[in-house]
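Residue-level structure breakdown
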Amino acid sequence: MAKLYVNPKVKKGHINPELQGHFSEHLGRCIYEGLYVGEDSDIPNENGMRKDVVEALKEIQVPVLRWPGGCFADEYHWKDGIGPKEKRKKMINTHWGGVVEDNSFGTHEFMELCRQLGCKTYINGNLGSGTVQEMSEWVEYMTFDGVSPMADLRKENGHEEPWKVDYFGVGNENWGCGGNMRPEFYGDMYRRYQTYVRSYNSKQPVSKIACGANADDYHWTDKVLEATFDNGNGFMNGLSLHYYTLPTGDWSKKGSALEFDDKSWYRTLKATLKMETLIKRHSAIMDQYDPEKKIGMVIDEWGTWYDVEPGTNPGFLYQQNTMRDALVAGINLNLFNKNCDRVKMANIAQMVNVLQSVILTEGEKMVKTPTWHVFSLYKAHQDGELVESSIETQAVGVEKEYEIPDLSESVSLGKDGKLHVTLTNASLTEDKEIEGVFAETDIKSVKAMILTNEMHAHNTFENPDTVHTAEFEKITVSGSKVKFTIPACSVMHVEVEI
Ligand code: AHR
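What you see as residue numbers is a count from 1 along each chain, following the sequence as written. Confidence filtering applies because this is a predicted model: local features only for residues at pLDDT of at least 70, side-chain atom pairs given and counted only at 80 or more, and all residues used for totals across whole chains, interfaces and linings. To obtain the side-chain values, all non-hydrogen atoms of the structure were included, while hydrogens and water were left out.

**Section: the site of the ligand**
What counts is decided by this rule: Any residue with a non-hydrogen atom lying within 4 Å of a molecule or strand is treated as near it. Throughout this description, a polar contact denotes any pair of N or O atoms lying within 3.5 Å of each other; where both atoms belong to protein, one of them has to be capable of donating a hydrogen while the other can accept it, and for residues adjacent in sequence the pair is counted only when both atoms sit in side chains. Grid spacing is 1 Å over the protein atoms alone, the probe is 1.4 Å, and a cavity is where that probe fits but cannot get out, while a pocket is an open set with protein on both sides within 12 Å along at least five of seven lines and lining residues have an atom within 4 Å of a point. Each molecule is assigned to a cavity or pocket provided more than half of its atoms lie within 2 Å of the corresponding grid points.
The environment of the ligand is made up of 13 residues, and the closest members are Glu 25, Cys 71, Glu 173, Tyr 244 and Glu 301. Taking Cys 71, its main chain carries an N or O atom lying 2.8 Å from an oxygen atom of the ligand. Counting atoms within 2 Å of the grid points, the majority share of the ligand lands in the largest pocket.

Right, here's the structure in full:
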């Protein structure tokens, strides 16, 4: 039996809803087909946005959406994507598949999508190949409420009122596709570009996000902060981190999303658990410059990355999604919660049809992936307070090298006054009895939902409901304790009324 200790009186920090954020790039069929089909499409849409997809995304309460990239962001020139659609420039998406980008989805369309989703906006600017003026004018175009060349242009294009830009990324992966810069150079560029990312409305300031490290590049974090920090001011609200989970760790042979063995299961989950080390070590460096934790760690790209599905365009990064992805999602979302004193946003890559998506589409059909179901189980944490918790774990795996702890958990006191416990059991073979001990708590009732299946289980357009959540009734309460058995290969949400 594993003991889960929860102390609801010890609050550890606020869980920003943005920890369950998303990312959408002009890549493959994420924007076009996945989210946006255009007003004239036969697929039911509202102002060009797919109704089925928007509905499914609203169910998981998408808190924030990042756009337009990714690597695409540092090649994107926003003025190509405004004004009458027939006049918008057609160009080649050089980075992703060499397809024609007709710019029919631009700033106005992104803002409309966020309006429909009811989510915050995270725009990623172009520092790699764009000018300071271009970045500055984009912010003016979107947010200035008054008379100015860019505000007037926005009005001419049909949007009288300014929009709210909640977050603005000053470049993406500038250590790689965003310009191959060294951290010292990027740090100086960041200082310069961010100066002109103005908050025109003091009541709605734009939070600025600097480009952070690739995985365990701690040198980048240190040097960017050294270059940007003057007397405790780093000119930023957030510093990003990108980390993808690869089953093999080898970019040239990542492995299949659907065909994998037990060893690959544990290897993948071991790779995803590296996120914990990354958060701790990058945080320790951030603490040197920002001990009060005013700057958020923004993990704005995370998730699994496999070989593309056979027969699909290699530049489109389309992959299926199984229970393995569900475990990856559950483990990471628990980790983000448990580090919410520093982690202020995380954006899974990517929302639809690319990498670890929550939604897949094919023509007019749509499926919710196992990862979507995990977000549906975890949404009760949004805006909650993390409370102290710990769980006893045992090592599981088929080879010593790839052993991992079987269980992971996080617990919050929700806005609804209930405790929300989310758990994962990564073992492929062992169900685990759990006794939850809630200090000084009189438990009134419990309700639980579970996502469980065999490791390869996934949803297809023919069988869209193979993997789905279900009510879990085999849970008992006695005073301040609960008892239940979490099956192997599952993710759970237990709601505790106190
Ligand atoms: O998400 C796919 C790509 O991964 C993004 O464009 C880039 O930022 C990262 O390397």
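**Quick look at the side chain of Thr 369**
To be explicit about the condition: Secondary structure elements are defined from DSSP: runs of H or I of at least 4 residues count as helices, runs of E of at least 2 residues count as strands, and each element is numbered from the N terminus. Any two residues whose heavy atoms approach within 4.5 Å at even a single point are treated as in contact.
Structurally, Thr 369 is set in the loop between strand 15 (365-368) and helix 9 (370-378). Not counting residues within four places of it along the chain, the set of residues in contact with Thr 369 comprises Asn 321, Ser 357, Val 358, Ile 359, Leu 360 and Asn 459.

**Points about the sheet that holds strand 19 (residues 407-413)**
This is how the line gets drawn: Two strands pair if DSSP finds at least two bridges between them.
Taken in spatial order, the 10 strands line up as 23-22-26-20-19-16-1-21-25-24 in an open sheet, and their pairing is mixed. What marks the edges here is a single partner per strand, and that holds for strand 23 (470-471) and strand 24 (475-478).

**Observations concerning the side chain of Asn 174**
Rule in force here: Each residue is placed in one exposure class: buried if its accessible area under a 1.4 Å probe, protein chains only, is under 20% of its type's maximum, exposed if it is over 50%, and partly exposed if it falls in between.
As for its placement among the helices and strands, Asn 174 is situated in the loop between strand 9 (167-170) and helix 5 (183-195). Classification of Asn 174 by relative accessible area gives buried; the value is 0%. At a separation of 2.9 Å, a polar atom in the side chain of Asn 174 contacts the main-chain carbonyl oxygen of Gly 178. Ignoring any residue separated from it by four or fewer positions in sequence, one finds Asn 174 in contact with Asp 74, Leu 127, Gly 128, Gly 179, Asn 180, Met 181, Tyr 186, Cys 211 and Trp 220.

**Observations regarding the packing of aromatic side chains**
Our working definition: The pairing test for Phe, Tyr and Trp rings, Trp by its six-membered ring, is centres within 6.5 Å, and the orientation test on the planes gives stacked under 30 degrees, edge-to-face over 60, and tilted for anything in between. A ring is considered to have a charge above it if a Lys NZ or an Arg CZ atom is located within 6 Å of its centre and within 35 degrees of its normal.
The full count for this structure, using the stated rule, is 20 aromatic pairs. Look at Trp 67 and Phe 105: their rings are 5.9 Å apart centre to centre, the planes differ by 70°, and that puts the pair in the edge-to-face class. Separated by 38 residues along the polypeptide, Trp 67 in strand 5 (residues 64-67) and Phe 105 in the loop between strand 7 (99-101) and helix 2 (107-117) bring together distant segments of the chain. Phe 105 matches Trp 67 in its accessibility class, with the two residues each being buried. Between Trp 302 and Phe 336, the aromatic rings sit 5.3 Å apart at their centres with planes inclined by 80°, giving edge-to-face as the arrangement. With a gap of 34 residues between them, Trp 302 in strand 12 (residues 296-304) and Phe 336 in helix 8 (residues 323-338) connect regions that are remote in the sequence. What makes Phe 336 buried here is its relative accessible area of 0%. Joined through ring pairs, the aromatic side chains of Tyr 32, Tyr 36, Trp 67, Phe 72, Tyr 76, Trp 78, Phe 105, Phe 110, Trp 138, Tyr 141 and Phe 168 make up one cluster. Directly above the ring of Phe 260 sits Arg 324, whose terminal nitrogen or CZ lies 3.7 Å from the centroid. The aromatic ring of Trp 372 is capped on one face by Lys 368, whose charged end is 4.4 Å from the ring centroid.

**Some words on the sheet that holds strand 8 (residues 120-125)**
Applied cut-off: In this analysis, axes come from line fits to C-alpha atoms, helices being fitted only over the stretch in contact, and the angle between any two N-to-C directions falls in the range 0 to 180 degrees.
The strand order around the closed barrel formed by 8 strands is 2-5-8-9-10-11-12-13, and the pairing between neighbours is parallel. Shown here is a sheet whose adjacent strand axes are inclined to one another by a mean of 30°, direction ignored. In this structure, strand 8 lies alongside strand 9, joined through 4 bridges in parallel fashion. Counterpart to Tyr 122 in the pairing with strand 9 is Tyr 167. Strands strand 5 and strand 8 of the sheet are contacted by helix 2, whose axis makes an angle of about 155° with strand 8.

**Comments concerning the state of the cysteines**
What counts, and what does not: Throughout, disulfides are identified as pairs of cysteine sulfur atoms within 2.5 Å of each other.
Summed over all chains, the structure comprises 1 disulfide. Each sulfur in the disulfide pair Cys 71 and Cys 177 lies 2.2 Å from the other. On the sign convention where negative is left-handed, the bridge of Cys 71 and Cys 177, at about -85° about the S-S bond, is left-handed. Of this pair, Cys 71 sits in the loop between strand 5 and strand 6 (91-93) while Cys 177 sits in the loop between strand 9 and helix 5; the two residues are 106 residues apart in sequence, bridging distant segments of the chain. With no disulfide of its own, Cys 30 lies closest to Cys 114 among cysteine sulfurs, the gap being 12 Å.

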